[in-house]
Structure formats: structure tokens, C-alpha cells
Amino acid sequence: MKRTCSVLLSFFSVLIVFCATSQAQSPAASGAPFVVEYYYKTKWGHADEFLKLFKKNHYPVLKKEMEMGRIAKVWMDQPRYHTTEDGRWDFRVTIVFKNATVANEPVDEAALQKQLYPDQETFQKEEQRRFEILDAHWDLPVKLMDLDTK
């Protein structure tokens with residue numbers, strides 16, 4: 001029991017130091033853009049359907065957030081070639097937020113969706129379908145690296 005407490009205390013000490021160091025160097029502190037990559041892996045044969053629904057229902061919401069100044073840039077990538085099944089993804093959407101603070105602030109996406117899509121019943125069914133045809137989805141915040149600085 002004493003050893004377990006000692007290990008936990010050491011772990012929490014390291015965690016506190018890590019958090020303090022991260023806070024001092026975080027993008028939020030500098031106001032730098034905050035980038036997140038969103039990966040989508042569709043069920044075989046459903047990539048085109050996913051893309052159609054994404055462009056119809058989700059991309060306009062992202063464009064609205066760009067107009068609001070929350071998002072600086074958004075784009076989608078698709079791999080040219082295939083990979084192994086365990087590493088496969090079909091679409092990567094990259095969003096560059098104004099900064100980390102803005103990226104983590106709550107946004108009333110439901111209000112934007114109601115504004116853009118008065119027929120909420122159809123919108124909700126299509127969004128449900130967009131996620132039904134996914135095998136996997138994950139989000140990955142990334143840090144931009146300046147290779148020219150020392």
C-alpha cells in the first residue's frame with residue numbers, strides 16, 4: 001500500500017510539472033492558431049454517400065463558423081492510395097481555429113443547424129445516416145512545427 005501511494009504521488013508530481021510546462025507553452029497563451037484533424041473511416045462502399053452528406057449538412061455549418069471568425073480555415077483530404085485496413089481512413093478534415101481558447105469554447109451548433117436547415121427532421125435523419133455509415137471517427141489536435149526556427 002505504501003509503495004502504491006508513493007508511485008501515485010510521483011505520478012501526480014510529474015503530471016503537475018507537465019501541465020505547468022504545457023500551460024506556459026500552449027497555443028492558447030500565444031494566441032496561435034489551433035489545428036485539429038478529424039478522421040473518418042467509412043464502411044466499404046459508402047465513401048461517396050458520406051462525402052455527399054458531409055458537404056450537404058456539415059460543411060455549411062463549418063463555413064458559417066468561418067464567417068463568425070471562429071474558424072480560420074477548413075479543408076478535406078483523401079488518400080490517393082490504399083493502406084492496411086487497420087490504418088485506413090477515407091477523409092481527413094482539417095480545421096484551423098483562431099486559437100485554442102476559441103476551439104475549446106462551447107458553440108451553439110444546434111442554433112446554427114436550425115438556422116441553416118429549417119427541415120430539422122430531414123437534417124437529423126441525414127446526420128444520423130452520416131454517422132451510421134462510419135466504421136471509425138477520431139479527432140487529433142496537431143501542433144504546427146516551424147522547421148526554420150532553432
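Because the structure is a prediction, the values reported are computed rather than measured.

**Q** Give me the packing of aromatic side chains: which residues, what numbers.
**A** Given two aromatic rings, their pairing is described by the distance between the two centres and the angle made by the two planes. For the structure on display, the rule yields seven aromatic pairs. Taking the centre distance of 5.3 Å and the plane angle of 80° together, the rings of Y39 and W89 count as edge-to-face. Within this pair, whereas Y39 is found in strand β1 (residues 34-42), its partner W89 is found in the loop between β2 (71-77) and β3 (91-97), the two being separated by 50 residues in sequence. For Y39, a relative accessible area of 9% translates into the label buried. Between the aromatic rings of F50 and F91, the centroid separation amounts to 5.6 Å while the plane-to-plane angle is 25°, which identifies the pairing as stacked. You can see F50 sitting in helix α3 (residues 47-67) and its partner F91 sitting in strand β3, a full 41 residues away along the chain. Each member of the pair, F50 together with F91, is buried. Among the aromatic residues, those joined into a ring-pair cluster are Y40, F50, F54 and F91.

Rules used in this analysis
- Residues numbered from 1 in each chain as written.
- Predicted model: local features only at pLDDT ≥ 70, side-chain atom pairs only at ≥ 80, totals over all residues.
- Heavy atoms only, no water.
- Phe/Tyr/Trp six-rings, centres within 6.5 Å; stacked < 30°, edge-to-face > 60°.
- Helix = DSSP H or I, 4+ residues; strand = E, 2+ residues; numbered from the N terminus.
- Buried < 20%, exposed > 50% of the residue type's maximum accessible area, 1.4 Å probe, protein only.

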